Amino acid sequence: AQKVTQAQTEISVVEKEDVTLDCVYETRDTTYYLFWYKQPPSGELVFLIRRNSFDEQNEISGRYSWNFQKSTSSFNFTITASQVVDSAVYFCALSEANSNYQLIWGAGTKLIIKP
Amino acid sequence: DAGVTQSPTHLIKTRGQHVTLRCSPISGHKSVSWYQQVLGQGPQFIFQYYEKEERGRGNFPDRFSARQFPNYSSELNVNALLLGDSALYLCASSLVRVPYNEQFFGPGTRLTVL
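Below is a short write-up of the structure.

What counts and what doesn't
Residues numbered from 1 in each chain as written. Chains lettered and ligands numbered in written order. Predicted model: local features only at pLDDT ≥ 70, side-chain atom pairs only at ≥ 80, totals over all residues. Heavy atoms only, no water. Contact = heavy atoms within 4.5 Å. Salt bridge = Lys/Arg side-chain N within 4 Å of Asp/Glu carboxyl O. Helix = DSSP H or I, 4+ residues; strand = E, 2+ residues; numbered from the N terminus. Nonpolar A, V, L, I, M, F, W, Y, C, P; charged D, E, K, R; others polar. 1 Å grid on protein atoms, 1.4 Å probe; cavity = no way out; pocket = protein on both sides within 12 Å on 5 of 7 lines; lining within 4 Å. Points joined across faces, edges and corners; volume = space filled by probe spheres on them. Buried < 20%, exposed > 50% of the residue type's maximum accessible area, 1.4 Å probe, protein only. Core = buried A, V, L, I, M, F, W, Y, C linked by side-chain atoms within 4.5 Å.

Details of the interface of chain B and chain A
Chain B puts 23 residues into the contact, and the matching count from chain A is 18 residues. Viewed at the interface, chain A and chain B are joined by zero salt bridges. Breaking the side of chain B that touches chain A down by element, the ones donating at least two residues are strand 4 (31-37), strand 6 (53-57) and strand 9 (87-94) of chain B. Take the side of chain B that touches chain A: its biggest share by element is three residues, from strand 6 of chain B. Here the residues of the side of chain B that touches chain A sort into 10 nonpolar, nine polar and four charged.

What to know about the layout of surface pockets
Empty space within the largest pocket amounts to approximately 590 Å³. Looking at the largest pocket, it is lined by 30 residues, and the ones nearest its centre are A:Gln39, A:Val89, B:Gln37, B:Leu39 and B:Gly40. Elements represented by at least two residues in the lining of the largest pocket include exactly strand 10 (88-96) and strand 12 (109-114) of chain A. The element contributing the most residues to the lining of the largest pocket is strand 12 of chain A, with four residues.

So, unusual backbone geometry
Omega for the bond connecting B:Ser7 with B:Pro8 falls within 30 degrees of zero, at -10°, which places this linkage in the cis form. Within the fold, B:Pro8 resides in the loop between strand 1 (5-7) and strand 2 (10-13). Unlike most non-glycine residues, A:Ser73 shows phi in positive territory, near 50°. Inspection of the secondary structure assignment puts A:Ser73 in the loop between strand 8 (64-69) and strand 9 (74-79). A positive phi angle, close to 50°, is found at B:Glu51, a residue other than glycine. Its place among the elements puts B:Glu51 in the loop between strand 5 (44-50) and strand 6. Accessibility expressed as a relative area gives 26% for B:Glu51, which makes it partly exposed.

Details of the nonpolar core
For soluble globular proteins, the rule of thumb is that nonpolar side chains tend to be buried together. In terms of nonpolar packing, the biggest core is built from 24 residues, with A:Trp36, A:Trp66, A:Phe77 and A:Tyr90 touching the most fellow members. Put simply, the parts of the chain that give this core at least two residues each are strand 2 (10-14), strand 3 (19-21), strand 5 (32-39), strand 6 (46-52), strand 8, strand 9, strand 10 and strand 12 of chain A. Broken down by element, this core gets its largest block of residues, four residues, from strand 10 of chain A. Ignoring sequence-local partners within four residues, the contact set of A:Tyr90 consists of A:Gln6, A:Leu21, A:Trp36, A:Tyr37, A:Lys38, A:Leu48, A:Tyr64, A:Phe77, A:Ile79, A:Gly108, A:Thr109 and A:Leu111. Core analysis: the second largest hydrophobic core is formed by 22 residues, B:Val19, B:Phe47, B:Tyr89 and B:Leu111 among them.

Here is the structure:
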């Protein structure tokens, strides 16, 4: 069973638009962590955020914000006023206590920001 | 400070050959993890090493092996290469065992098996 689902394979928006990337996860653990990583064309994965299962506070970092909702098992990522440099593949990942905290990755969402 | 480094950057092998990929973690990091990323997919966990011991293994055949050296660098070995082993192999380091610290990824080694 897929544990991390990123249903949006590819999203294309015009610069300055807001865009939300969806992430739905599945776990029976009460202790788990959720992550977002960015993979630009260069290939190197860049850490964006980590959230633990006991902290449902939303987080904002500049133009980036994350909405963690345990009730819907979702951890969505919003970019406000998108820029061309935001173009990349974005991955959501899950780390569970019962799986020895191995990272389980979604398939990724390719985000294209057009000028 | 240098980030995670991997060598080689690119590699072309033929079926049945053996390959060794290398990774140097960020200075002070004791945990190294290896991932395979097939084109168009998310990374798949292969191994985690912490303090030179294997701490986790993903669902990969025994053709895949790894080790961590006293200086915390690591090697990933793949024997009897198959076409399906063609992928980007990513190494990540962290201070301690995940998830208590974020993982920092290297640029990867692009392996092509012909």
